[in-house]
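Overview (structure and organization)
This is what each chain is made of:
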Amino acid sequence: MSDPPAGDKLEALYLRHGPGALRLAYLLTGDRELSEDLVQEAFVRVARRLTSLRNADSFQWYLRRTVVNLSNSRLRRRRVERAHLKRLVSSAAAAGVGTPDLVTKQAVRGAIEQLPARQRAVVVLRYYEDLTDQQIASALGCPVGSVKSSLHRAAAILRQHLGQEE
Amino acid sequence: MAELDKLLTEALHNLAAEAPELPPLSPRARRRIRAGRAGAILASVVVAAGVSAGLVIGALALNRATRTQPPSSPRPHPAWTINTPGGVDALAVGRSMLYVAAGDFPDATLSAYNRTTGQLIHWIGVPAIPVALRVGPGGSVWLTFYPDQNGGGTGLWLLSPDLAQRSSLNPRAARSIGLSDLLPAGPADALVAANGLADLHMPAPGHHGQATFHQVSAMPADHGYGGAVKFARLAGRVAALQENKIQDLRIVLAGPHGPVFDPGVGVNINSMAGGGNGLWITTGPQPTGPSTGSVIRLNDRLQVVTPRSISKNPGLAFPAQVWTAGNTVVATTDTSSQPLVCFRFHSGAGPVTDIPARLPPGDVAVTGDTVYAADASGVIVYRLPAACR
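Residues numbered from 1 in each chain as written. Chains lettered and ligands numbered in written order. Predicted model: local features only at pLDDT ≥ 70, side-chain atom pairs only at ≥ 80, totals over all residues.

Okay, the overall build of chain A next. For chain A, the count of helices and strands is eight helices and zero strands. For chain A, the α and β elements follow one another from N to C terminus as α-α-α-α-α-α-α-α. Relative to its 166 residues, chain A shows a buried fraction of 46%. Taking contacts inside chain A between residues at least 6 apart in sequence as the whole, the part at least 24 apart equals 55%. (Helix = DSSP H or I, 4+ residues; strand = E, 2+ residues; numbered from the N terminus. Buried ≥ 20, exposed ≤ 12 C-beta atoms within 10 Å, placed from the backbone. Contact = placed C-beta atoms within 7 Å.)

We now examine the sheet that holds strand E21 (residues 319-325) of chain B. Residue and element names in this part refer to chain B. Taken together, the four strands give an open sheet; going across it, the order is E21-E22-E23-E24, and neighbouring strands pair in antiparallel fashion. Looking at the sheet topology across the chains shown, the edges are occupied by E21 and strand E24 (353-354). Note: E21 against strand E22 (residues 328-333), five bridges, orientation antiparallel. Pairing of alanine 325 across the sheet is with threonine 328, part of E22. (Pairing = 2+ DSSP bridges.)

As a further point, take unusual backbone geometry. In this model, A:Asp130 sits at a positive phi of 60°, which is unusual for a non-glycine residue. Within the element layout of this structure, A:Asp130 appears in the loop between helix H6 (117-127) and helix H7 (133-140). Residue A:Asp130 is classed as exposed on the basis of its 9 C-beta neighbours within 10 Å. The phi dihedral of B:His257 is positive, around 55°, even though this residue is not glycine. Mapped onto the fold, B:His257 is located in the loop between strand E16 (249-253) and strand E17 (260-261). Residue B:His257 is classed as exposed on the basis of its 7 C-beta neighbours within 10 Å.

Residue and element names in this part refer to chain B. Here strand E26 (residues 370-375) lies mainly inside the structure; five of its six residues are buried. Bridging between strand E25 (residues 363-367) and E26 involves five bridges; their strand directions are antiparallel. Residue pairing in the sheet places valine 366 in a bridge with valine 371 of E26. Counting the residues that bridge the hairpin from E25 to E26 gives two residues, and of these glycine 368 lies at a positive phi of roughly 55°. Taken together, the six bridges between E26 and strand E27 (residues 378-383) define a ladder with antiparallel strand orientation. Along E27, the bridge assignment pairs threonine 370 with arginine 383.

This paragraph deals with helix H2 (residues 32-48) of chain A. With 17 residues, H2(A) extends 25 Å from end C-alpha to end C-alpha; this agrees with the ideal 24 Å at 1.5 Å per step. Of all 17 residues in H2(A), 13 are buried; the element is thus mostly enclosed. (Expected span 1.5 Å × (residues − 1).)

Looking at chain A as a whole, the pLDDT averages 71, with 63% of positions reaching at least 70. This stretch, residues 79-100 of chain A, has a pLDDT under 50; its non-local contacts, to residues over four places away or in other chains, come to 28 contacts. (pLDDT = per-residue confidence, 0-100.)

Quick look at the sheet that holds E16(B) now. All names here are of chain B. Reading across from one edge, E14-E15-E16-E17 is the order of the four strands in this open sheet, with antiparallel pairing throughout. Two strands close off the open sheet at either side, each with one partner strand: strand E14 (226-234) and E17. When E16 meets E17, the two strands line up antiparallel, connected through two bridges. Within the sheet, the bridge partner assigned to isoleucine 251 lies in E17 and is phenylalanine 261.

With that settled, the discussion passes to the nonpolar core. Membership of the largest hydrophobic core comes to 100 residues, with the highest contact counts inside it found for B:Leu91, B:Tyr99 and B:Ala240. With six residues, strand E3 (residues 97-102) of chain B is the single largest residue contributor to this core. Each residue touching B:Leu91, except ones within four places of it in the same chain, is listed here: B:Leu98, B:Tyr99, B:Val100, B:Asp363, B:Val364, B:Ala365, B:Tyr372, B:Ala374 and B:Val379. In this structure, A:Val39, A:Val68, A:Ala111 and B:Leu15 belong to the second largest nonpolar core, which totals 50 residues. (Core = buried A, V, L, I, M, F, W, Y, C linked by C-beta atoms within 7 Å.)

Attention now moves to H6(A). Among the eleven residues that make up H6(A), eleven are buried, leaving the element largely enclosed by the rest of the structure. Within the span of H6(A), buried status applies to A:Ala117, A:Arg118, A:Gln119, A:Arg120, A:Ala121, A:Val122, A:Val123, A:Val124, A:Leu125, A:Arg126 and A:Tyr127.

The structure is reproduced here in structure tokens:
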């Protein structure tokens, strides 16, 4: 059987890995439009290097890493602005109305949005992507110890925001 | 802990279900992928040709591959890099030091590195995230900081070049400056936005005493605008990038009845840098705006005077931020093939030249023939292309 044309292969890669990357970007940024832009940009960056990727299976890994890096970059640009707005934003839990699940979801969203970019990435990669400490370190390009300390600090902050006692 | 794990796992999976549907891959994205691959294949062919021509030794092949780059594309400066995996918040260049602010509260730091060797000279903890990091006349270092999501304090420090000595503005006065920028004006003086444009005189680093404010001029404060996200010198005056309560941005000149540059509806001002008798700014689209962004030059009356070679340059089609040093203008872009570019401007603009950055830089400092770029991995040093000096 012959290989599919390059355009079809690109489309297949996008359809295969794009949805997961989009959900990751959305969890990292909390912004629907921004997550769509980030995924397109990340896909472009990784697909352009496709010819140099030794293993096609590594595409997902590179795409994930690129999404995280782009998200952190955008969040870092916005961080001072967010700090400025922090006092204006009431907790999502307090504002939540409706079913208990909805309240919980909004509370978690609000709590995660308060985390610094790297801690947020660590939390999403651990609890959504279900990666190990080593895999998270690889995705973020940082030591495993940094992942552990970031996770520890993030958990403490989340516990405080979500009203959970250790 | 197990309860928190379960809560987060369930909530994140629920939230992920709210993500938008995958949009089709845009035609522009497809073009960029094709263009990038064509370049990669061409580079491979050139390297292979070099090898097959008898340049079997790896080092020679690498040398040949490097020579295939355009003459204006420099290699990264071989000197050194600083690894800060969490990224860098701000950079500033002094006479012999490079200052790097990094980390989140309570681990935020300000470090001084030898510019030539990259050796860490001294570092100090900072009780919040940095907002403004500037080097003033005489080499003194100005730092303002502000709480982040984790907490921290508001403050302003004037530090000695080696960061060993400092003087502090009292917290109440520092809060009046808040997130506004500062513009060093003397060894212990800086212009700040505090009830108009004020000259802040600080005790010398390591000395006690009261800081004093001296009103310099008024600052436009109409339509909810106030403070200064960024200051820049412009033909002997002070330009301020101002923000209102709904994050619209505009540029004004300090003083009464000065001109105003408003980028228009749906257009954001991403950055501003002084350049002699003009300002360089980058604009970008707001979510609903029509623009893809531009690099724009404003004259001393804040009128647009961008050379056509810049406004129509494809290498500057998606600009992010801009910096200046003398006649050199450096810009970051959201284009993956050219995330860092530069050009020279002296009565006219020189060619826009690629600086082969390893990652898109978040902050840049330029001095002499050197570009310091902070990206997600740390700081890397590039030699400024000759065409940009």
